[in-house]
Amino acid sequence: MSPRPDPRPAAGGPPAEAAKAAPRPGERTAADRLAFWSRQAEELHWETRWSEVLDWSAAPFARWFTGGRLNVAYNCVDRHVEAGHGDQVAFHWEGEPGDTRTITYADLRREVCRTANALLSLGLRAGDRVAIQLPMIPEAVFAMLACARLGLPHSVVFGGFSPAALQSRIEDAGARLLITSDGQYRRGRAEPMKANTDEATRHAPSIEHVLVVRRTATEVPWTEGRDLWWHDLVDTQPDEHRPEAFDAEHPLFILYTSGTTGRPKGILHTSGGYLTQTAYTHRAVFDLDPDTDVYWCTADIGWITGHSYIVYGPLANRTTSVLYEGTPTTPHEGRHFEVIEKYGVSVYYTAPTLIRTFMKWGEQLPARYDLSSIGMLGSVGEPINPEAWRWYRKHIGGDRVPIVDTWWQTETGAVMIAPLPGAAPAKPGSAQAPLPGVSAKVVDDQGREVGRGESGYLVLDQPWPAMLRGIWGDEDRYRETYWARFAHRGHYFAGDGARYDEDGDIWLLGRVDDVMNVSGHRISTAEVESALVSHPSVAEAAVVGASDPTTGQAIVAFVILRAGATDGDAAEVTAALREHVAREIGPIAKPGRILVVPELPKTRSGKIMRRLLRDVAENREAGDVTTLADASVMDLITAGLTGRP
Ligand code: 6R9
């Protein structure tokens, strides 16, 4: 397709979709917002229409489109086939070793029906939970949609997570079925997957069956009667399955994310509101034309971005997408550009950490490929620094395409703050303004809105359709984490700092809690600390996120070793600790640096002052130490570290 000219600064009118979606004049009140979302919900197919758009009477537990009934998978698949688009490509799948598969909407319908029939044959019924740990292969999408079709909440666990992490997620959700693969390709190598998931299921008695996709032809351990091959069970099922409509509030999925404590939270999303907002935002933010665009979101399906912007939003909008299995460096660093050129990708949605990696590799790399199909670029996962924004636009976007910086969270389910193309002049590094139907504010400690040029906390002061409906099995934690901070005002506390500029546009400033953002992945300091102290050599640990030019933040750990643990080589001990964290949580949580220290800086109440450790990690003079129980601790720490790399 031909690239769109950048409509900003708003010279001509906004593009058609943005104009259609934009709030009508005066659409500012809560009633207008509900009318707006009601119009967006009408874009979906409902078996029964809702009677009320929002029921907020049990706040902070929302019910959207109450009384409405729909089937999410029908909306994402069957309805497009029935409308005559069965031959349209849903996914151009590109495997890491270079194998490919083209999946049309008709193919997708057949695969999802077979998978649904297979799950039924295992005795699964609406409400049962299914855990999925799979690489980025088409079966991952089939599995998610089959679950949605049957009303089985899925819990997708990122393929890089350790057996221990998978086990705790399976247990928390009480999953009956695990869907996994024999192995996965990682940087050109076939690595075992089933061997790891077996370790997880050994201590997870809720699992009755393990359904295994053959991907790498790796040898696998096998438990007769429990384990089933996908090609035996699914591929032999009938191609037809009649979808049943579920309540708008029927649970669609649980997705675990890091919080400020060590225990991950199972974020619960439901059906009608989630699909309404993911579909609307995907359509409006990317100004997408389903007949001509080829869209590529590079996220992994194990993260919320994969759920909302690879699976549900794009499919509800009948998008043609690229689905890529591998890492960006395999088999070479030009892989993403090669894929863009091959499929004529027109909308490319990725994370700042990858953009900064591309910058490091140099602009000569994208210059070797024809990227002229690109008409729109997206960014998600962390604040995008203006330098990366400009580089992205110049070297990937040919200096002519809009960039949408989309702020949202696992908890929000869908994009909340983003510049609508054509609606406002672009500002590199700013997510700018809440989307139509969304209300966000920057407030001070007391919850009062701050003025222009001032910073504070980002809050969402009105419910939104794709909002989380709670934390699985833990009502109190839900209230405590998100609603306690500004309870007197009824604001949702996002955990991010933000600033209004002189025009009143929003700039995100990163997390204000103990959650790190490493390459766009949320990892809590407490999670890594508890992994470290579970190692016999470690007496105490404190973890901070230090600024890193490529990954946004890098994990730096300060550890106090137990007596005796220092007898060996210090480098050996820290190497062992890094491996230990990788085993406990997953390679993404491996600390970049581990510093062995004699003490940790603590307040009188015993709270570790991470701010001071961050100063050390970022090579700064330590800031205010007056609240330390023992001010000389910082000298001890820095003296001990001098001369170390
Ligand atoms: C979608 C996703 C959420 C946290 C969020 C914030 C950071 C995401 C951002 C951004 C600035 C953006 N974040 N997008 N910060 N600008 N465009 O990433 O969800 O994994 O739950 O992370 O990521 O700190 O609070 P999730």
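Here the structure is shown first, and the text comes after it.
Just so it is clear, the model here is predicted, and its values are computed rather than measured. (Residues numbered from 1 in each chain as written. Predicted model: local features only at pLDDT ≥ 70, side-chain atom pairs only at ≥ 80, totals over all residues. Heavy atoms only, no water.)

Looking at this structure, I do not really get the packing of aromatic side chains. What am I missing?
Where two aromatic rings form a pair, the distance of their centres and the angle of their planes describe that pair. Inspection of the entire model under this criterion finds 33 aromatic pairs. Taking 6.0 Å as the distance between ring centres and 70 degrees as the angle between the ring planes, the aromatic pair formed by F161 and W303 counts as edge-to-face. Taken together, the positions of F161 in the loop between β7 (154-156) and α6 (163-173) and W303 in the loop between β16 (294-297) and α10 (304-316) put the pair 142 residues apart, joining distant regions of the chain. On the basis of relative accessibility, which here comes to 11%, the residue F161 falls in the buried class. Ring geometry for Y457 versus F486: centroids 6.1 Å apart, planes at 50 degrees, classification tilted. Within this pair, whereas Y457 is found in strand β22 (residues 455-460), its partner F486 is found in the loop between α15 (475-483) and β23 (492-500), the two being separated by 29 residues in sequence. On the basis of relative accessible area, F486 is assigned to the buried category, the value being 0%. Chaining the aromatic ring pairs together yields one cluster made of W56, F61, W464, Y478, Y482, W483 and Y492. We note R485 situated over the ring of Y457; from NZ or CZ to the ring centre the distance is 4.6 Å. For the cation-ring pair, R485 lies above F493, with the distance from its terminal atom to the ring centre recorded as 5.3 Å. (Phe/Tyr/Trp six-rings, centres within 6.5 Å; stacked < 30°, edge-to-face > 60°. Helix = DSSP H or I, 4+ residues; strand = E, 2+ residues; numbered from the N terminus. Buried < 20%, exposed > 50% of the residue type's maximum accessible area, 1.4 Å probe, protein only. Lys NZ or Arg CZ within 6 Å of the ring centre and 35° of its normal.)

Any chance you could explain the site of the ligand here in plain terms?
The full set close to the ligand counts 17 residues, and D405, T406, T410, D496 and R522 are the nearest of them. For the ligand, a nitrogen atom lies 3.4 Å from a polar atom in the backbone of E382. Contact between the ligand and D405: a nitrogen atom at 2.7 Å from a side-chain N or O atom of the residue. Starting from 520 Å² of accessible surface for the ligand in isolation, the protein chains cover 96%. When contributions to the shell around the ligand are tallied by element, the ones reaching two or more residues are α10, β20 (403-406) and β24 (506-511). The residue makeup of the shell around the ligand, split by class, is six nonpolar, six polar and five charged. (Near = heavy atom within 4 Å. Polar contact = N/O pair within 3.5 Å; in protein donor to acceptor, adjacent residues only side chain to side chain. Areas by Shrake-Rupley, 256 points an atom, 1.4 Å probe, with all protein chains shown as cover. Nonpolar A, V, L, I, M, F, W, Y, C, P; charged D, E, K, R; others polar.)

Mind showing me how you'd approach the sheet that holds β22 here?
Hydrogen bonds between backbone groups are what pair the strands of a sheet, and the pairing can be parallel or antiparallel. Taken in spatial order, the four strands line up as β21-β22-β23-β24 in an open sheet, and their pairing is antiparallel. Only two strands of the sheet have a single partner each, and these edge strands are β21 (440-443) and β24. Neighbour-to-neighbour, the strand axes of the sheet open up by a mean angle of 45 degrees, direction not taken into account. Judged from the five bridges that link them, β23 and β24 form a sheet pairing that is antiparallel. Its bridge partner lying in β24, A498 is registered against L508. (Pairing = 2+ DSSP bridges. Axes fitted to C-alpha atoms, helices over the stretch in contact; angles between N-to-C directions.)

I would appreciate a short explanation of the packing of helix α3 (residues 72-85) against α10 in the present structure.
Packed helices, taken two at a time, are described by the angle their axes make and the gap between the axes. Two numbers describe how α3 lies on α10: the axes approach to 8 Å, and their chain directions differ by 55 degrees. For the element pair α3 / α10, the angle class is oblique. Note that α3 runs across α10; the crossing there is left-handed. Two secondary-structure elements touch here, α3 through V72, N75, C76, R79 and H80 and α10 through Y312, L315 and A316. (Parallel < 35°, antiparallel > 145°, perpendicular 65-115°, else oblique. Left-handed = near helix turned anticlockwise from the far one by under 90°. Contact = heavy atoms within 4.5 Å.)

How do you make sense of empty space enclosed by the protein when you look at a structure like this?
Taking a probe equal in size to a water molecule and rolling it over the atoms shows the remaining empty space. Applying the stated rule across the entire model yields two cavities of 30 Å³ or more. As a volume, the largest cavity reaches approximately 50 Å³. Considering the residues around the largest cavity, the lining is formed by L70, N71, V72, A148, G151, F246, H250, P251, L252 and S271. When grouped by side-chain class, the residues that make up the lining of the largest cavity number six nonpolar, four polar and no charged. As for the second largest cavity, its lining consists of L122, L124, R176, L177, E208 and H209. Looking at side-chain class alone, the lining of the second largest cavity contains three nonpolar, one polar and two charged residues. (1 Å grid on protein atoms, 1.4 Å probe; cavity = no way out; pocket = protein on both sides within 12 Å on 5 of 7 lines; lining within 4 Å. Points joined across faces, edges and corners; volume = space filled by probe spheres on them.)

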